[in-house]
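Per-entry structural report
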Number of protein chains: 2
Amino acid sequence: MDVHDLETPSVLIDLDRMEANIQRMQDYCNQYGLDFRPHIKTHKIPDIARMQIEAGAVGIACQKVSEAEVFAEAGIDNIQIPYNIMGKQKTARLTDLALYNRVVVSADSAYTISGLAEAAKAKEMALRVMVDLVTDLQRTGAEVEQVVKLAQQIDANENLHFAGLLVYPSFPTMRPAIQEALHQLDRAGIGVDSVSGGGVGATKHAHEIPELTEVRVGTYVFNDWGTVSHGWASLDDCAMTVLLTVVSRPAPERAILDGGSKTLSSDVLDDGYGRIVEYPDARIYRLNEEHAYVDVSNCDPAPQIGEQVHVVPVHTCVVTNLHNRLYGVRGEEVEVVWPVAARGLVW
Amino acid sequence: MDVHDLETPSVLIDLDRMEANIQRMQDYCNQYGLDFRPHIKTHKIPDIARMQIEAGAVGIACQKVSEAEVFAEAGIDNIQIPYNIMGKQKTARLTDLALYNRVVVSADSAYTISGLAEAAKAKEMALRVMVDLVTDLQRTGAEVEQVVKLAQQIDANENLHFAGLLVYPSFPTMRPAIQEALHQLDRAGIGVDSVSGGGVGATKHAHEIPELTEVRVGTYVFNDWGTVSHGWASLDDCAMTVLLTVVSRPAPERAILDGGSKTLSSDVLDDGYGRIVEYPDARIYRLNEEHAYVDVSNCDPAPQIGEQVHVVPVHTCVVTNLHNRLYGVRGEEVEVVWPVAARGLVW
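Here goes a summary of the coordinates provided. Every chain begins its residue count from 1, and numbering advances along the sequence as written. Numbering of ligands from 1 and lettering of chains from A proceed in the order in which they are written. Reporting of local features is limited, given that this is a predicted model, to residues whose pLDDT is at least 70; pairs of side-chain atoms are given and counted only at 80 or more, and all residues count toward the totals for whole chains, interfaces and linings.

Topic: the overall build of chain A
Quick reminder of the rule: A run of H or I in DSSP counts as a helix once it spans at least four residues, and a run of E counts as a strand once it spans at least two, with each numbered from the N terminus. For this measure, only C-alpha atoms enter the radius of gyration; the expected value for a globule follows 2.2 Å times N^0.38, where N is the number of residues. Exposure is read from a count of other C-beta atoms within 10 Å of each residue's own; the residue is exposed at 12 or fewer, buried at 20 or more and partly exposed in between. C-beta atoms are placed from the backbone. By the convention adopted here, residues make contact when the C-beta atoms placed from their backbones lie within 7 Å.
Secondary structure assignment for chain A yields nine helices and 17 strands. Taking 2.2 N^0.38 as the reference for a compact globule, 347 residues should give roughly 20 Å; the C-alpha atoms of chain A span a radius of gyration of 22 Å, in line with that estimate. Looking at the 347 residues of chain A, the share that counts as buried comes to 56%. For chain A, contacts bridging at least 24 residues in sequence account for 67% of all contacts bridging at least 6.

Describing the pairing of strand S4 (residues 78–84) of chain B
Consecutive side chains of a regular strand alternate in pointing toward one face of the sheet and then the other. Residue and element names in this part refer to chain B. Stated formally: One requirement defines pairing of two strands: DSSP has to find at least two bridges between them. Seen with its strands pointing away from the viewer, a crossover is right-handed if its path from the first strand over the helix to the second goes clockwise.
Among the seven residues of S4, six are classified as buried, and the element is accordingly described as predominantly covered. Judged from the two bridges that link them, strand S3 (residues 60–61) and S4 form a sheet pairing that is parallel. Bridging from a neighbouring strand, Ile-60 pairs with Ile-79 of S4. In terms of handedness, the path from S3 via helix H3 (residues 65–73) over to S4 forms a crossover that is right-handed. In this structure, S4 lies alongside strand S5 (residues 102–107), joined through five bridges in parallel fashion. By the bridge assignment, Asn-78 is partnered in S5 with Arg-102. In terms of handedness, the path from S4 via helix H4 (residues 88–100) over to S5 forms a crossover that is right-handed.

Looking at helix H4 (residues 88–100) of chain A
Short version of the rule: A helix is expected to span 1.5 Å for every residue after the first.
Helix length check: H4(A) (13 residues) gives 19 Å between terminal C-alpha atoms against 18 Å at 1.5 Å per residue, within 8%. Next to the buried residues of H4(A) lie helix H3 (65–73), strand S5 (102–107), helix H5 (110–122) and strand S6 (127–133) of chain A.

Overview of the sheet that holds S5(A)
All names here are of chain A. Selection criterion: Here the axes come from fitting lines to C-alpha atoms, over the contacting stretch only for helices, and the angles between their N-to-C directions go from 0 to 180 degrees.
If you trace the eight strands from one edge of the open sheet to the other, you get S2-S9-S8-S7-S6-S5-S4-S3, paired in parallel fashion. In the strand order of this sheet, the two ends are held by strand S2 (35–36) and strand S3 (60–61), each with one partner. As paired strands, strand S7 (residues 160–167) and strand S8 (residues 195–198) are joined by two bridges and run parallel to one another. Paired with Leu-166 across the bridge in S8 is Ser-196. Strand contacts of H3: S3, strand S4 (78–84) and S5, with the helix running at about 175° to S4, the strand carrying the most contacts.

Observations concerning helix H6 (residues 144–156) of chain B
If you check H6(B), its first and last C-alpha atoms are 19 Å apart, about what 13 residues at 1.5 Å a residue would give, namely 18 Å. Buried positions along H6(B) lie against S5, helix H5 (110–122), strand S6 (127–133), strand S7 (160–167) and helix H7 (175–187) of chain B.

Regarding the environment of B:Tyr28
Inspection of the secondary structure puts B:Tyr28 in helix H1 (residues 15–31). Expressed as a C-alpha distance, the spacing of B:Tyr28 and B:Thr203, which sit 175 residues apart in the sequence, is 9.3 Å.

Observations regarding the relation of the copies chain B and chain A
To keep it simple, the criterion reads: To superpose the copies, least squares is applied to the C-alpha atoms of every residue with a pLDDT of at least 70 in both.
In the superposition of chain B on chain A (RMSD 0.0 Å, axial shift 0.0 Å), the rotation amounts to 180°. On this basis, the relationship between the two copies can be described by a two-fold rotation axis. No C-alpha of chain B approaches the rotation axis more nearly than that of B:Ser266, which lies at 2.6 Å. Most of the interface of chain B is mirrored in chain A, where 98% of its interface residues again form contacts.

As for the nonpolar core
Counted only if it meets this: By our criterion, buried Ala, Val, Leu, Ile, Met, Phe, Trp, Tyr and Cys residues that link up through C-beta atoms within 7 Å make up a nonpolar core.
Formed by 224 residues in total, the largest nonpolar core has its most connected members in A:Leu116, A:Val129, B:Leu116 and B:Val129. With near-sequence residues (within four places) excluded, B:Val129 lies in contact with B:Val105, B:Ser106, B:Ala107, B:Ile113, B:Leu116, B:Ile154, B:Leu160, B:His161, B:Phe162 and B:Ala163.

Here we look at the interface of chain B and chain A
So the rule is basically this: Side-chain classes follow a simple rule in which Ala, Val, Leu, Ile, Met, Phe, Trp, Tyr, Cys and Pro form the nonpolar group, Asp, Glu, Lys and Arg form the charged group, and the remainder, Gly included, forms the polar group.
Across the contact, 47 residues belong to chain B and 47 residues belong to chain A. Elements with a contribution of two residues or more to the side of chain B that touches chain A: H4, strand S10 (240–251), strand S11 (254–257) and helix H9 (316–320) of chain B. No other element matches the four residues that S10(B) contributes to the side of chain B that touches chain A. Looking at side-chain class alone, the side of chain B that touches chain A contains 14 nonpolar, 22 polar and 11 charged residues.

Taken by themselves, the reported measurements are silent on function.
Next up, the structure:
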């Protein structure tokens with residue numbers, strides 16, 4: 001299919017750029033002897049995970065059990081779920097998965113660990129569990145002093161195996177806490193299989209924390225206005241664009257595109273909902289569900305009605321999750337159409 | 001299925017509340033002799049559209065051709081698409097649909113009308129086209145002076161039929177412009193089949209614009225924090241809640257829920273990403289893709305780890321669009337599981 005035959009909205013992936021992004025990150029990890037574990041939240045597509053593994057990744061990370069099931073079904077068997085998995089049905093499905101695949105999860109509380117232990121006991125297995133260390137992000141994660149207690153709880157249970165330390169994001173400021181946690185674990189006589197860091201910005205500095213054994217990153221595969229705005233990528237590294245049409249020019253300063261919050265998501269940055277490649281001086285200042293409002297008063301010439309434009313979204317991961325398929329494009333050719341296999345799997 | 005057997009995240013629809021919302025809006029329209037045309041963007045589920053039609057609705061509104069196809073396939077044959085449809089494949093599919101269903105679209109430019117005319121000519125049919133009048137929202141829509149010209153363009157084309165005036169949202173402040181447009185159309189000798197208004201807030205005042213013949217509303221069927229915050233509904237009218245679990249309590253003031261921007265969307269209002277029914281004093285202050293950060297410092301008692309909570313989302317329509325199914329609940333019973341048939345149909 002020719003790219004000019006696509007109607008809008010369509011989500012395009014520039015295959016040359018995506019392949020370069022995959023290789024660049026793998027090269028970095030190889031250079032520093034880091035295991036690389038791409039997070040599939042960004043693409044949710046098994047074919048792309050296979051490309052990442054073929055380039056040298058050790059496995060993948062998923063955020064949810066239902067995502068992991070899709071990727072295991074597709075033949076990927078080294079899966080990390082850096083999440084507190086709880087609930088009887090979910091822990092049962094998690095342990096089902098771990099019977100036949102190399103699976104590791106994380107926990108930041110005794111409550112989570114107890115639930116995992118119960119599910120693992122029912123299957124007479126040993127489930128691999130990492131301990132999540134709190135970071136400056138202040139999301140999940142145990143304080144350093146709690147890490148040893150949780151590791152001991154895991155270690156003491158015959159149906160669990162302590163699989164290491166999990167840190168997100170692993171900016172260099174986290175090194176002292178990581179060192180202290182490792183020191184305390186060492187003093188408690190607990191072996192540490194791995195120290196997993198991650199985050200698209202932090203990974204550029206992963207070599208500044210020699211204690212890290214692996215990193216996990218999602219967004220790098222496509223990049224977006226967020227990574228560009230933070231200086232973690234250039235606009236030329238952005239593999240994902242959303243093809244939209246100018247469907248209305250109701251006023252000289254205003255253009256309306258045929259994609260809104262159901263196409264681009266409501267994520268906003270730098271006072272805009274995405275960047276129009278062809279019109280860098282335009283600003284997407286508001287979204288409704290199926291409309292983007294664009295201020296074109298600084299554009300000369302301004303976009304015309306019926307014209308197609310490419311939008312670099314603010315946050316690629318949430319855009320993937322809105323769409324049923326992504327179009328892999330090389331030059332003028334649509335080389336592949338990928339169903340977004342794990343789309344909407346929030347469970 | 002018992003509602004307590006559901007794991008999280010799950011999107012619940014309180015069927016009693018939804019049915020009351022459907023009946024209340026229909027009663028209002030019946031009282032004032034207004035045709036009611038529910039917009040299916042909020043639920044994207046044919047079964048719910050059928051309930052709306054059984055209650056007395058004349059048909060439905062869809063925002064995209066691909067949505068209209070799903071609902072036509074399900075047997076609903078009076079469909080309005082209040083959107084500038086352009087692009088050869090889309091206008092071809094639109095006219096295919098209009099051959100066997102009662103379909104009407106809108107336009108705000110000569111460009112849109114020309115494209116529709118070309119597609120209708122290829123099918124040797126007459127396509128029904130309304131003219132979209134600009135409102136205070138400043139989104140799409142022609143100025144009053146342009147309305148007659150566009151109506152004349154439609155009227156003069158043997159493959160198009162002028163089907164009336166479209167206004168969104170139709171707050172009472174729009175009455176003078178509607179009157180002026182109708183006056184000019186009358187002077188030009190152009191008959192007006194219908195004057196369609198809409199918007200969940202504006203519809204409460206639809207009777208203040210006697211010129212309106214119909215209204216279209218989506219959000220009323222479920223309601224959300226947005227409609228409550230604007231005073232258009234009460235919290236007890238909110239039929240949709242998102243069932244989430246407290247998966248981490250890493251600090252006394254912080255709870256983390258297992259749903260983020262891929263579950264609740266990034267739509268934000270009143271400095272929060274949704275309201276927790278059980279903890280009105282809690283505030284969801286940040287979302288990542290699969291995590292909600294909750295400030296529970298004002299809660300006494302505070303939610304505990306492992307506890308399930310119900311979140312009224314900020315914007316119900318974008319939440320529906322993130323999920324593969326909605327659970328229709330009555331009391332403790334999950335009475336129906338609906339696939340979100342038109343989810344992700346942005347085309």
